[in-house]
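One-letter residues, chain by chain:
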Amino acid sequence: MSLCLLEHRDMVISGLAVFAASFMLFSQYWLANLSLLGPISLASLLVAITAFMAHELMHRYVARRLGYIACFRLVRYGLVMLLVTALIGLAARSPFMMGAPGAVAIGPNILGKENSKYRALIALAGPGANVIMAALFYVLALLMVNNTALLLALRLTYILNSILALFNSLPIPPLDGYQVVKNRGYGLWLTLMVSSILVSIPALGYLL
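All residue numbers refer to position in the chain's written sequence, counted from 1. Local features in a predicted model are, by the rule used here, given only for residues with pLDDT of at least 70; side-chain atom pairs are given and counted only at 80 or more, and totals for whole chains, interfaces and linings are based on all residues. Each side-chain value is derived from all of the structure's non-hydrogen atoms; neither hydrogens nor water enter the calculation.

Chemist: Explain the overall build of the chain residue by residue, including any values.
Modeler: Helix and strand assignments follow DSSP, with helices taken as H or I runs no shorter than four residues and strands as E runs no shorter than two, numbered in order from the N terminus. Along the backbone of the chain there are eight helices and two strands. Listing every helix and strand of the chain by position from the N terminus yields α-α-α-β-α-β-α-α-α-α. For the chain, the spread of C-alpha atoms along the principal axes amounts to about 55 × 35 × 25 Å. Buried, partly exposed and exposed residues are distinguished by accessible area as a fraction of the type maximum, computed with a 1.4 Å probe on protein chains only: under 20%, between the cut-offs, and over 50%, respectively. Expressed as a percentage of the 208 residues in the chain, the buried residues total 45%. Whether two residues touch is decided by their heavy atoms; if any such pair falls within 4.5 Å, the residues are in contact. Counted over contacts in the chain with a minimum sequence separation of 6, partners at least 24 positions apart contribute 75%. Approximately 10900 Å² of the chain is accessible, and the part contributed by carbon and sulfur atoms is 72%. A 1.4 Å probe and the Shrake-Rupley method give the accessible areas. Residues count as covered only by the protein chains that appear here.

Next up, the structure:
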């Protein structure tokens, strides 16, 4: 566990970066109406916690449960890329950002039980968490129709989780979907892909 001594620091820095980038991503709302600063700040915080940290920590949790060394690591170039693209999106008044300020590094299996099925499950865990979070926040948004400010925060959190779930499920390297397929988790990948598509359908109605 001494290998992971700095991961809490890295989590905080990465989380703050995602919060800042999300706040810039949602600039079209608070720039048009400063009264929405509260809901947008809440949405940005929820995105950092659920869409990013829950995704990475689920990778970490499953990996450790299966006997792997797994530590969260700050990715400096990913952090810079995220903030720069978010700033460009803010300047252009266009909702756009790209980059990952941190990721879970998976080491060897200390139980000596290395196999491809375990690797597929670890890869599945991240976007799987986004599917669950997207479904949760979609339901919460349906229950909050009378609170416009909170509804906005919940919908934005739902949309970001659904987008990340669908994006990361694609079988394209280095995405999680590719890692699942690479490790021959074909049934797991199909389940993940279908779930991601289904949970993303309502988001299309909000975005179009």
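Past the structure itself, the notes keep going.
Chemist: For the state of the cysteines, give the residues involved together with the corresponding values.
Modeler: When the sulfur atoms of two cysteines share a covalent bond, that bond is a disulfide. The disulfide criterion used throughout: a pair of cysteine sulfur atoms within 2.5 Å. Considering all chains together, one arrives at one disulfide under this definition. With its sulfur 1.7 Å from that of its partner, Cys4 forms a disulfide with Cys71. Classification of the bridge connecting Cys4 and Cys71 rests on its S-S torsion, roughly -55 degrees, and on that basis the disulfide is left-handed. In this pair, Cys4 is assigned in the segment before helix H1 (7-25) and Cys71 in strand E1 (residues 68-74), connecting sequence segments 67 residues apart. For Cys71, a relative accessible area of 5% translates into the label buried.

Chemist: Explain unusual backbone geometry to me, using residue names and the numbers behind them.
Modeler: Geometrically, the link from Pro173 to Pro174 is a cis peptide bond, its omega value of 5 degrees lying close to zero. Among the secondary structure elements, Pro174 is positioned in the loop between helix H6 (148-169) and helix H7 (176-182). In the Ramachandran plot, Arg184 falls in the positive-phi region, its phi being about 65 degrees despite a non-glycine side chain. In this structure, Arg184 sits in the loop between H7 and helix H8 (186-207).

Chemist: Could you give an account of the side chain of Glu56, with specific residues and numbers?
Modeler: Relative to the helices and strands, Glu56 resides in helix H3 (residues 37-65). For Glu56, which is buried and forms no salt bridge, the nearest opposite charge comes from Arg60, at a distance of 9.4 Å. Ignoring sequence-local partners within four residues, the contact set of Glu56 consists of Phe72, Gly102, Ala103 and Val104. In summary, the charge assignment counts Lys and Arg as positive and Asp and Glu as negative, without counting His or the chain termini. What makes a salt bridge here is a side-chain nitrogen of Lys or Arg within 4 Å of a carboxyl oxygen of Asp or Glu, nothing more.

Chemist: Go over H3 with me, naming the residues and quoting the values.
Modeler: Two residues of an α-helix separated by three or four positions point the same way, owing to the 3.6 residues in each turn. Look at H3: 40 Å from first C-alpha to last across 29 residues, which is about the 42 Å you get at 1.5 Å a residue. Take the seven residues that end at a residue and the seven that start at it, fit an axis to each, and the angle between those axes is the bend at that residue. A maximum bend of about 40 degrees is found in H3 at Met53. Looking one or two residues beyond H3, the residue adopting positive phi is Gly67, at roughly 100 degrees. Helices are assigned an expected span. That span is 1.5 Å times one less than the residue count.

Chemist: With reference to specific residues and values, describe the confidence of the model for the chain.
Modeler: Taken as a whole, the chain shows an average pLDDT of 93; of its residues, 98% reach a score of 70 or greater. Per residue, pLDDT captures the predictor's confidence, and it can take any value from 0 to 100. The secondary-structure element of the chain with the lowest mean pLDDT is helix H2 (residues 27-30), recorded at 85, while H7 shows the highest, at 97.

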